[in-house]
Structure formats: C-alpha cells, structure tokens
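Structural description and commentary
These are the residues of each chain, in order.
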Amino acid sequence: MGRTQQYLDEAARYSADNYKPLPVVLERGEGVWVWDVDGKKYLDCLAAYSAVNQGHLHPRIIAAAKAQMKKLTLTSRAFHNDQMGPFLRDLCEATGFERALPMNTGAEAVETAIKMVRKWGYQVKGVPEGRAEIIVCENNFHGRTTTIVGFSSEDQYKEGFGPFTPGFNLVPYGDIEALRQAITPNTVGFLVEPLQGEGGVIVPPEGYLRAAAEACREAGVAFIADEIQTGLGRTGRMFCCDWEDVRPDVLIVGKALGGGVYPVSAAIADRSFMDVFHPGDHGSTFGGNPLGAAVGRAALQVIVEEDLSARSDELGSWFMDELRAIESPHVLEVRGKGLMIGVEIKKESGTARPYCEALQERGILAKETHHQVIRFAPPLTIDRSVLKSALVDVAEVLRG
Ligand SMILES: *Cc1c(COP(=O)(O)O)cnc(C)c1O
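Helix H14 (residues 384–399) packs onto helix H12 (residues 308–325) with a crossing angle of 20 degrees between their chain directions and a minimal axis gap of 11 Å. On the basis of the axis angle, H12 is roughly parallel to H14. Of the two elements, H12 crosses H14, and the hand of that crossing is right-handed. Residues Glu-314, Leu-315, Trp-318, Phe-319, Glu-322 and Leu-323 of H12 form the contact with H14, whose participating residues are Arg-384, Leu-387, Lys-388, Leu-391 and Val-394. Of the residues assigned to the contact of H12 with H14, the class counts are 7 nonpolar, no polar and 4 charged.

Below is the structure:
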C-alpha cells in the first residue's frame, strides 16, 4: 500500500470524523488528472464538487495567483484595493447584473442573499418586521451554517444542531403548484438550486424554473438562484437558469469562481436589491481581497474564453448517451445536464459506494452522493478521448 496507509492513519488520528472520503491520498494535480502519494494516476471525475471546472493548476489562474501574491494579498474592506473593482466589473458583465457582493465560501454567499432579500422585504416590499418568509425546496443543499442546515430536509444535516433560524418554508422540488400555494404576503424570496447537486443530481421538470420565476415576479418575491455548483459552465450553459432563459433576482456563485485555487463567492443582484446594504450591515474580512479577486477574475476569464459551457454541453450529452447505452442490471437512471451527471444505482444492487471504490481501483475518482447516486462531474476542460477511455472502465464497473 506504500505511503497511503500512513496518511490515512494520521488523518484518522487527528481529523474530526465529519467526512468519509475514498481511501486515496492525493499530492499532485494537473488538468483533469491527479496523482496519489504512491504515484498512481487518476481521472478526477468530481472536480472538487465543481470547484475545479477549469482543471487543476490552470496555467492562467496559477499565473494570476502568483503575480498577485508578489504584490498584495489582503487589505480587508477597511481600505480599497486595485483588484476588487475590476473583478466585480467582470463578474457583473459576465452575469448581466448591476452589483456583486464578494464573499469567500458558498455558504457565506447564501447567507448574504438571505440577508439581502429579508432586508429588501422589510424596506421595499413592506413586510412587517420579523415576519419575512423564504421558501426553500425539499432535498436542498445550500451549505452548512446553522441557519442553512435549519431549513434542510435532510435529518442528518440538522440533528443535534438546533435551535434553528425561523422564517423558512419547505416545498417539494419541481412542484410549481406547491410553490404558488406556499407564497404568502410575507414571502420575500424563493431560494432554489436550478438543478439539485448534493441532493443526488436531480433535474426539475422542464419549464419549472421559468414558471417559478414567473410566479415569483407576479407575487413580488425575489427569485434566488443558488448556482454555486451549477454555475460557470457546469451544466452546459454559463448558468443553469440560462436553459430556461430565466434571469434570477439574486444569483449566488462560488466554487469554480475560485478556479480551484482559493475560496471566492459572491451574491449578485441589481441595485434594487443590493442597495439595501449600507456600511456596517454586512461584511467579511477576506471577502473581496486582492488575491481572491485576481484569482476570481482569471477563473472567470478561463470559463468564458475557453468556452467551457459549450464544451460541457457537447461532451455532457454525448457522455450521458454513452452511459445510458451501457447494459447494466444495476443502473436505475442516468440523468443530468452538461457535465453534471448522476448515475442512480438500484436499491437492490446496494449503495453507490462500492461502485466508486471499484472505479478508484481503475483510476477514476467519482464520489457517491445521497447513497444511490454516482456523480460524474470532471473538469470541463476534459477531452472526449479521455472520457471515451474512462467509459470502458465505467461500463465494466456498472455491469458488475
Ligand atoms: C457547495 C454548495 C454550497 C456551499 O458552498 P461552500 O463553499 O461549501 O460553503 C451551497 N450551495 C450549493 C448548491 C452547493 O453545491
């Protein structure tokens, strides 16, 4: 087993037991490939939950990070820096919004959106103080803060962590009537993943996003799209909402915005929402820092200039067709959009975990999500030929 076991032992000895990783210890990455401490090479089919859409160590992103590291890395927002403005301008231009509020992790950007629409609800919509409601979907994943897990429908995310923040109402995902009926005069926002990632790669019925955005517009409710995982090319469009020509009121991005290098996230909106924030209302020591801004700007440029959305679209539909063509007694369904693909394993065939372990043996790193689903979400820079040779192994593992 070489050096791997000693690292596994050390992690087991000193790390909190809050994850169950595959037993692989990585030390190097380049593009779609990663290598473990014993020199074995793997295809990365998780891409850090889509935080590495641009591939590991993308030369442009690394160059931007290195250059900025030699100049200035952190100022706090007590002072201006020369990187944040250009970054936010590029981000607003790429998304078509007026303003962006930079944070670090996805969960912080979700919290930012929650605070924004609540304050908008009180100050602009006229909801009575303390009564704002936000509608969220069953099976959601928006992060791990106490407020966010408080509106999860997953027992394990919540158990032992209460009491929770009130003001959130759950509706079934993909059910437009349930959404319409849940809206009250005090509803300020509808927070939704345009395609549920952690929930098991769940694609809502066609037309759902458009109908939901329409219902929100009619009722004066902010449509908040959490595109932390689905955004920046992952689903074959720049944003998953683009599939239905939906422009959210608040757009949340993270993960790949940091190009796999640095945590960079943002809540993005027009002035009508963003202008509820005034100095002292909200902030983050690291949010908008010059290193993160330089990295974020390069990460965004790579997505746009290498046209990674189109690549994801083309390779994703082809790969999904190939996966569906595999004759396996164990596969219940193959679903997804672009290179965000889930293969659901039948309950009677066990969980997805042993399939992921078998893939690891063959040099393919994929991770199970929600027990039954194997997720395939490689960096969007992947070549068709690489996917093609991976398919041979995937087919053998799925046929079991
Ligand atoms: C990963 C994720 C988050 C949380 O992002 P962190 O950076 O882990 O805080 C929120 N929403 C969605 C849809 C995600 O996939």
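Right, picking up where we left off after that structure.
Time to look at the packing of aromatic side chains. Counted by the stated rule, this structure contains 7 aromatic pairs. Taken together, a centroid distance of 5.9 Å and an interplanar angle of 80 degrees make the contact between Phe-319 and Phe-376 edge-to-face. Note that Phe-319 is positioned in helix H12 and Phe-376 in strand E15 (residues 373–376), a separation of 57 residues in sequence. Both residues of the pair, Phe-319 and Phe-376, belong to the buried class. The structure contains a cluster of three or more aromatic residues connected by ring pairs, namely Trp-318, Phe-319 and Phe-376. We note Lys-41 situated over the ring of Trp-33; from NZ or CZ to the ring centre the distance is 4.2 Å. Its end group placed over the ring of Phe-97, Arg-247 keeps NZ or CZ at 4.2 Å from the ring centre.

Below, the discussion takes up the site of the ligand. Taken together, Thr-105, Gly-106, Ala-107, Phe-141, His-142, Gly-143, Glu-193, Asp-226, Ile-228, Gln-229 and Lys-255 make up all the residues around the ligand. A distance of 2.8 Å separates an oxygen atom of the ligand from a polar atom in the backbone of Gly-106. Between an oxygen atom of the ligand and a side-chain N or O atom of Lys-255, the distance comes to 2.6 Å. In the complex, 81% of the free accessible area of the ligand, which totals 380 Å², lies under the protein chains. Applying the majority rule of atoms within 2 Å of the grid points places the ligand in the largest pocket. Tallied by class, the residues present in the shell around the ligand amount to 3 nonpolar, 5 polar and 3 charged.

Moving on: empty space enclosed by the protein. Enumeration over the complete set of coordinates arrives at 4 cavities of 30 Å³ or more. Reported here for the largest cavity is a volume of approximately 60 Å³. In terms of lining, the largest cavity is formed by Pro-194, Val-203, Pro-204, Pro-205, Glu-206, Leu-209, Cys-240, Trp-243, Glu-244 and Lys-337. In terms of residue class, the lining of the largest cavity is built from 7 nonpolar, no polar and 3 charged. The wall of the second largest cavity is formed by 13 residues, among which Met-103, Val-264, Gly-288, Asn-289 and Gly-292 lie closest to the centre. Looking at the lining of the second largest cavity, the elements that each hand over two or more residues are strand E4 (99–103) and helix H11 (290–305). Across the lining of the second largest cavity, the residue classes break down as 8 nonpolar, 5 polar and no charged.

One can find Tyr-208 in helix H9 (residues 208–219). In sequence terms Tyr-208 and Phe-79 are 129 residues apart; their C-alpha atoms lie 43 Å from each other. Setting aside its immediate chain neighbours within four residues, Tyr-208 contacts Cys-137, Pro-172, Tyr-173, Gly-174, Asp-175, Ile-176, Phe-190 and Glu-244. A distance of 3.4 Å separates a polar atom in the side chain of Tyr-208 from the backbone nitrogen of Gly-174.

A cis amide bond links Gly-162 with the next residue in sequence, Pro-163, at an omega value of 0 degrees. Its location among the elements puts Pro-163 in the loop between helix H7 (155–158) and strand E6 (168–171). The phi dihedral of Ser-50 is positive, around 75 degrees, even though this residue is not glycine. The topology assignment puts Ser-50 in helix H2 (residues 47–50).

Parameters and conventions
Residues numbered from 1 in each chain as written. Predicted model: local features only at pLDDT ≥ 70, side-chain atom pairs only at ≥ 80, totals over all residues. Heavy atoms only, no water. Axes fitted to C-alpha atoms, helices over the stretch in contact; angles between N-to-C directions. Helix = DSSP H or I, 4+ residues; strand = E, 2+ residues; numbered from the N terminus. Parallel < 35°, antiparallel > 145°, perpendicular 65-115°, else oblique. Left-handed = near helix turned anticlockwise from the far one by under 90°. Contact = heavy atoms within 4.5 Å. Nonpolar A, V, L, I, M, F, W, Y, C, P; charged D, E, K, R; others polar. Phe/Tyr/Trp six-rings, centres within 6.5 Å; stacked < 30°, edge-to-face > 60°. Buried < 20%, exposed > 50% of the residue type's maximum accessible area, 1.4 Å probe, protein only. Lys NZ or Arg CZ within 6 Å of the ring centre and 35° of its normal. Near = heavy atom within 4 Å. Polar contact = N/O pair within 3.5 Å; in protein donor to acceptor, adjacent residues only side chain to side chain. Areas by Shrake-Rupley, 256 points an atom, 1.4 Å probe, with all protein chains shown as cover. 1 Å grid on protein atoms, 1.4 Å probe; cavity = no way out; pocket = protein on both sides within 12 Å on 5 of 7 lines; lining within 4 Å. Sits in = over half its atoms within 2 Å of the grid points. Points joined across faces, edges and corners; volume = space filled by probe spheres on them.

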